[in-house]
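The lines below spell out each chain.
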Amino acid sequence: QLGCTRRDLLTSIIIYHQSSRQSDASVLSAAPIFPTEELLWDPHSVPPGNFSLASNVQSLSLPKLNARFLSAGDYLLRNFHLFRLECAYEIRGDIVDVVKRMRPALKQDGYTDPNDYYGGQEDTAHQDDFGKTEFQGWARMGLQLKSNKEDKQGFRIIRVDPPRLGQRFPSNVVAELVLDLYHCATSLASEWDQLREFDNLFLVAVDATTISASQTEDRKIPDEEDFSFPERFGVRAVRGVTVLEVRDEAGVVLSDPALAYEEGGKPQPKGKRRFLRVALDPAQYAADATGRGSSLGTDVYDTFNLVVRRHGKENNFKAVLETIRGLMRGGAHSMYRSIPSWLMPVLLGYGGDPSAASFLSPQMKSFASKTAGVTSPNAALDFGDTFLDDKHLKDSFPGCNVIVNGHQDSSSTRNNYRVKVTDDSVEATSYTSPTMSSGNPIRFTPVQVQAIRSGLCPGLTTLIGPPGTGKTDVACQIIANLYHSFPTQRTVIVTHSNAALNDLFDKVMARGDVDERYMLRLGAGERNLSTTSSSSHDFTKPGRVAHILSRRNDLLEKVQQLSESLNLSSAAERGADGAPSYTCETAEYFFFHHVKKRIDLFEAGMKKDPIANVKGSFPFVKYFPELETASMTLDDATTKIKEIQAIFDELAEFRPIELLRSQRQRTDYLLTKQARIVAMTCTHAAIARARLVELGFHYDNVIVEEAGQMLDIETFVPLLIQGGESDDSSSSSNSRMKRVCLIGDHNQLPPVVKN
């Protein structure tokens, strides 16, 4: 006979192993994203940053990152837990700093603030212990929650939507948060007015009646590492919320990005109160409602009296965690469709030698031979203006026999080059640059040229070097060469910081050979992008739309002038303000019915009689005033015809913008159809991933600057901001991605990990 205790144990073991368990994806879907007070001050989950302080903790049960992972799901799950705990440690430090500075204490009976914004009336919204708490200090990143004039709470839940099919928690929980900026200085109030959509805030419930010890006593352990801090300062609950919109007392939505583009700039907010519409974590709300999250149930949301904000660079953790959870929910097949087959083994640490993803490996040569839009390393690669002259070209391939245009003589003339590299010989062909831009001013070293060659070929390229070794210049050259060599491909630029992204974007635009209408900058730092080019337009999505509409008007004016020079229309047909009478659509009809017809007749006449009077036969002399007094050759006529054709080619690209009426439709079209160089930070890639996949955003090349400063998952997410091509497993590669270039310095600029 088995003992009762042992029998129960064996029964539990059998049930545990035989019962069906939830998948990791379903567990993560039902788990809260924001950390609570239980997680923040749990020494077994979020240990002290200094391991010497954790004297009673010898080992931690953490899902560590290894050199090899079982699957993409295992990789994401481990990153999810570690990233969430690291963020919880940073959030704990910020909350502790704010609570200490606010100095919570018991409110004296009968005391009212004579300078209270609400007329000195005592708050009667709470008669419990939380109503007896006052804050005797102030904090830049914290603000006390008060009741408003209508005696409503500073925080109240206004909507709880029913669960979606198959879920056990509400689909959305929306609340209103009222901030009183009356006692804030102008600079501090302006900082709170900078809150925008998707920012994360933390609500803290502080009860001064539960303070157990002096807050000023000397302690050997810092308050940020002290797990008794909640008892010492009366912290009872912590919940996170996401900002949906911010309104002033006049009802103006201050978080609307379109306000920055109005005439006169963004208007000044009205009044001293700000009304925030915020979203709660539905999973956490469901846990609180059932008593699993808080013993007070949903009444815990009536106890919050402090709101804490964080710096923008540190406050985007929620987007990364939600992206990981979404990838887990979507299944591994979506990741294997987005990431090419030659890259996934390198990321997960299996499949043999990681150099198999290098452009010189047999695997990548086979991939290049089977994939459209990819040039084999053994074929001639278009290096563009990488080399300053023939001597620079020869110096870039030491030990090789370099032949330029069939001979070994050198020329000091600046040209572009197509280069074919074999084992010990290099064959180059020079051609004149099609643009008159300044182009590349850098005399690249042989190692840098090898890096540029690797970036042009399919596969994984890693550039490692300390600051000042020209990594950004090499990245800029790779971007320009890809732009000119593969006109149908899109390149995504990703960096860790907005400053590095703006610097790289500046260098690309300063070259002058990349058309600005094909460049787009996404993210919060887009408005801080000050270009060194002659463009007077910003590169945000609304700024690109404004630039296109302005450029469209200029081109239509040229079409109108061309029509008038051919006596097909007159100035009387213009609009009341002198605007051209053509649209992109009618300009296309005009080109095919009148312009192209005249071009064909002119070219046919020149073929029959090459020595004929070119100027007398050219049909567009009146459109070009300089031709009326100058002689004209056939080459001059060909150049002028290309100028005219370029006008209509560009207008054809603008025609969808003319048909689409809403701003969002136009910006989505630019992003998915026209932009060929799209820049964003790794944080914005996580924030916008779901939207980009929904729009059908695709790209062929990824260049990650500051990759050494990113965490593993922050480098992984930008590779997944597009869907796979198809589910056909017989295909050699379902992913559209062809090139991945990682640039950084993991020795001097590693990721910032505080715990």
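Rules used in this analysis
- Residues numbered from 1 in each chain as written.
- Predicted model: local features only at pLDDT ≥ 70, side-chain atom pairs only at ≥ 80, totals over all residues.
- Heavy atoms only, no water.
- Helix = DSSP H or I, 4+ residues; strand = E, 2+ residues; numbered from the N terminus.
- Buried < 20%, exposed > 50% of the residue type's maximum accessible area, 1.4 Å probe, protein only.
- Contact = heavy atoms within 4.5 Å.
- Areas by Shrake-Rupley, 256 points an atom, 1.4 Å probe, with all protein chains shown as cover.
- Expected span 1.5 Å × (residues − 1).
- Lys, Arg positive; Asp, Glu negative; His and termini not counted.
- Salt bridge = Lys/Arg side-chain N within 4 Å of Asp/Glu carboxyl O.
- Core = buried A, V, L, I, M, F, W, Y, C linked by side-chain atoms within 4.5 Å.
- Axes fitted to C-alpha atoms, helices over the stretch in contact; angles between N-to-C directions.
- Left-handed = near helix turned anticlockwise from the far one by under 90°.
- Nonpolar A, V, L, I, M, F, W, Y, C, P; charged D, E, K, R; others polar.
- Pairing = 2+ DSSP bridges.
- Phe/Tyr/Trp six-rings, centres within 6.5 Å; stacked < 30°, edge-to-face > 60°.
- Lys NZ or Arg CZ within 6 Å of the ring centre and 35° of its normal.
- Patch = residues over 30% accessible without salt bridge, like charges linked within 9 Å, V, L, I, M, F, W, Y side chains within 5 Å.
- pLDDT = per-residue confidence, 0-100.

> Report on the overall build of the chain, specifying residues and quantitative values.
Looking only at helices and strands, the chain has 22 helices and 19 strands in total. The buried share of the chain, taken over its 755 residues, is 47%. Counting only contacts in the chain whose residues sit at least 6 apart along the sequence, the fraction spanning at least 24 positions is 73%. Of the roughly 36900 Å² of accessible surface on the chain, 50% is carried by carbon and sulfur atoms.

> Quick one: what's the story with helix H20 (residues 663-674), residue by residue and with numbers?
Over its twelve residues, H20 runs 15 Å from end to end, which matches the ideal 16 Å to within 8%, given 1.5 Å per residue. Listed in full, the buried residues belonging to H20 are Arg666, Thr667, Asp668, Leu670, Leu671, Thr672 and Gln674.

> Tell me about the side chain of aspartate 281, and name the residues and values.
Inspection of the secondary structure assignment puts aspartate 281 in the loop between strand E8 (273-280) and helix H7 (282-289). No salt bridge forms around the buried aspartate 281; measuring N to O, its nearest opposite-charge neighbour arginine 325 is 5.5 Å away. Setting aside chain neighbours within four positions, we find aspartate 281 in contact with Pro32, Ile33, Phe34 and Gly240.

> Go over the nonpolar core with me, naming the residues and quoting the values.
Looking at soluble globular proteins, one finds that nonpolar side chains tend to be buried together. Ranked by internal contacts, the top residues of the largest apolar core, which has 83 residues, are Leu76, Ile95, Leu306 and Met680. Among the elements that take part in this core, helix H4 (residues 72-102) stands out by supplying 16 residues, more than any other. Phe387, Ala428, Val474 and Ile478 belong to the second largest nonpolar core, which has 43 residues in total.

> Before we move on, can you summarise the packing of helix H16 (residues 541-565) against helix H17 (residues 584-608) with the specific residues and values?
Taken N-terminus to C-terminus, the directions of H16 and H17 make an angle of 35°; their axes are 11 Å apart at the nearest point. In this structure, the crossing between H16 and H17 has a hand that is left-handed. Here H16 contributes Arg552, Leu556, Val559, Leu562 and Ser563 to the contact with H17, which in turn contributes Cys584, Ala587, Phe590 and Val595. Its residues assigned to classes, the contact of H16 with H17 comprises seven nonpolar, one polar and one charged.

> Explain the sheet that holds strand E7 (residues 235-247) residue by residue, including any values.
Here we have seven strands laid out as an open sheet, ordered E3-E9-E6-E7-E8-E5-E4, and antiparallel in their pairing. Each edge of the open sheet is held by one strand with a lone partner, namely strand E3 (142-144) and strand E4 (155-160). On average, each strand axis in the sheet is inclined to that of its neighbour by 35°, with strand direction left out of account. With six bridges joining them, E7 and E8 adopt antiparallel strand pairing. Residue pairing across strands places valine 241 opposite leucine 280, the latter belonging to E8.

> Describe the packing of aromatic side chains, naming the residues involved and giving the relevant values.
Any pair of aromatic rings gets described here by the distance separating the centres and the angle formed by the planes. What the rule picks out here adds up to 24 aromatic pairs. An angle of 40° between the planes, with centres 5.6 Å apart, marks the rings of tyrosine 285 and tyrosine 301 as tilted. Separated by 16 residues along the polypeptide, tyrosine 285 in helix H7 and tyrosine 301 in the loop between H7 and strand E9 (306-309) bring together distant segments of the chain. For the ring pair tyrosine 483 and tyrosine 518, a centre distance of 6.3 Å and an interplane angle of 55° mean the geometry is tilted. Highlighted residues: tyrosine 483 in helix H14 (residues 471-485) and tyrosine 518 in the loop between helix H15 (498-511) and strand E16 (519-521), separated in sequence by 35 residues. Look at tyrosine 483 and you get buried, because its relative accessible area is 10%. An aromatic cluster is defined as three or more aromatic residues linked by ring pairs; in this entry it consists of Tyr582, Phe590, Phe591, Phe592 and Phe648. Directly above the aromatic system of tryptophan 192 lies the positively charged group of arginine 309, at a separation of 4.7 Å from the ring centroid. A cation sits over an aromatic face here: arginine 739 above phenylalanine 486, 4.3 Å from the ring centre.

> How would you sum up the pattern of salt bridges? Please name residues and give values.
If you walk through the whole model with that rule in mind, you get 40 salt bridges. A salt bridge links arginine 310 to glutamate 90, with the nearest nitrogen and oxygen atoms 3.8 Å apart. Here arginine 310, found in the loop between E9 and helix H8 (317-330), pairs with glutamate 90, found in helix H4; they are 220 residues apart in sequence, far enough to count as distant. By relative accessible area, which is 8% here, arginine 310 ends up buried. Here arginine 101 makes a salt bridge to aspartate 97, at a shortest N to O gap of 3.2 Å. In this pair, arginine 101 and aspartate 97 are both assigned in helix H4, four residues apart and thus about one turn of the helix distant. Salt bridges sharing partners connect three or more residues here, namely Asp515, Arg517, Arg551, Glu650 and Glu653.

> Tell me what's going on with a nonpolar patch on the surface, and back it up with residues and numbers.
Taken together, the side chains of Leu9, Leu10 and Ile13 make up a nonpolar region of the molecular surface, amounting to roughly 250 Å² of accessible area. With respect to the element layout, isoleucine 13 can be found in helix H1 (residues 4-18).

> Report on the environment of isoleucine 677, specifying residues and quantitative values.
Looking at the element boundaries, isoleucine 677 is found in strand E17 (residues 677-681). A relative accessible area of 1% places isoleucine 677 in the buried class. Counting along the chain gives 195 residues from isoleucine 677 to leucine 482, while the straight-line C-alpha distance between them is 9.9 Å. Sequence-distant contacts of isoleucine 677, defined by excluding residues within four places in its chain, comprise Ile479, Tyr483, Thr491, Ile493, Phe505, Val514, Tyr518, Met519 and Leu520.

> Got a sec to walk through the confidence of the model for the chain? Specific residues and values, please.
Per-residue pLDDT for the chain averages 84, and the proportion of residues at 70 or more is 88%. Per-element confidence in the chain is highest for strand E18 (residues 701-704), whose mean pLDDT is 96, and lowest for helix H9 (residues 332-338), whose mean pLDDT is 75. Taken together, the stretch residues 114-127 has pLDDT below 50 and engages in 25 contacts with residues farther than four places along the chain or on a different chain. pLDDT under 50 marks residues 726-733. Its contacts with residues more than four places away, or in other chains, come to eight contacts.

> Quick one: what's the story with the pairing of strand E5 (residues 173-180), residue by residue and with numbers?
Among the eight residues of E5, eight are classified as buried, and the element is accordingly described as predominantly covered. By the alternation rule, side chains of E5 split into Val173, Ala175, Leu177 and Leu179 and Val174, Glu176, Val178 and Asp180, which are all buried. With five bridges connecting them, E4 and E5 associate as antiparallel partners. Each bridged residue has a counterpart across the sheet, and for phenylalanine 155 the counterpart in E5 is leucine 177. For E5 and E8, the ladder comprises seven bridges, and the chain directions are antiparallel. Its bridge partner being in E8, leucine 177 is matched across the sheet by leucine 276.

> So what's going on with helix H13 (residues 446-456)? Residues and values would help.
Helical geometry: 3.6 residues make up each α-helical turn, so side chains three or four residues apart lie on a common side. Burial runs high along H13: eight of the eleven residues are buried. For H13, the secondary structure elements touched by its buried residues are strand E10 (381-384), strand E12 (416-421), strand E14 (459-464), H14 and strand E19 (739-744).

> Break down the pairing of strand E13 (residues 425-431) for me, citing the residues and quoting the values.
Sheet topology places strand E11 (residues 401-404) next to E13; four bridges connect them, and they run parallel. Along E13, the bridge assignment pairs valine 404 with alanine 428. Remark: three residues form the turn of the hairpin made by E12 and E13, two consecutive strands paired antiparallel.

> Describe the sheet that holds E14, and please don't skip the residues or the numbers.
Spatial ordering of the open sheet is given by E14-E19-E18-E15-E17-E16, a layout of six strands whose pairing is parallel. Edge positions in the sheet fall to E14 and E16, since each of these pairs with one other strand and no more. With strand direction ignored, the average angle separating the axes of adjacent strands in the sheet is 15°. Examined bridge by bridge, strand E15 (residues 491-495) and E18 share four bridges and lie parallel to one another. Bridge pairing in E18 places isoleucine 493 opposite isoleucine 703. Each of E15, E16 and E17 is contacted by H15, which is oriented at about 165° to E16, the strand it contacts most.

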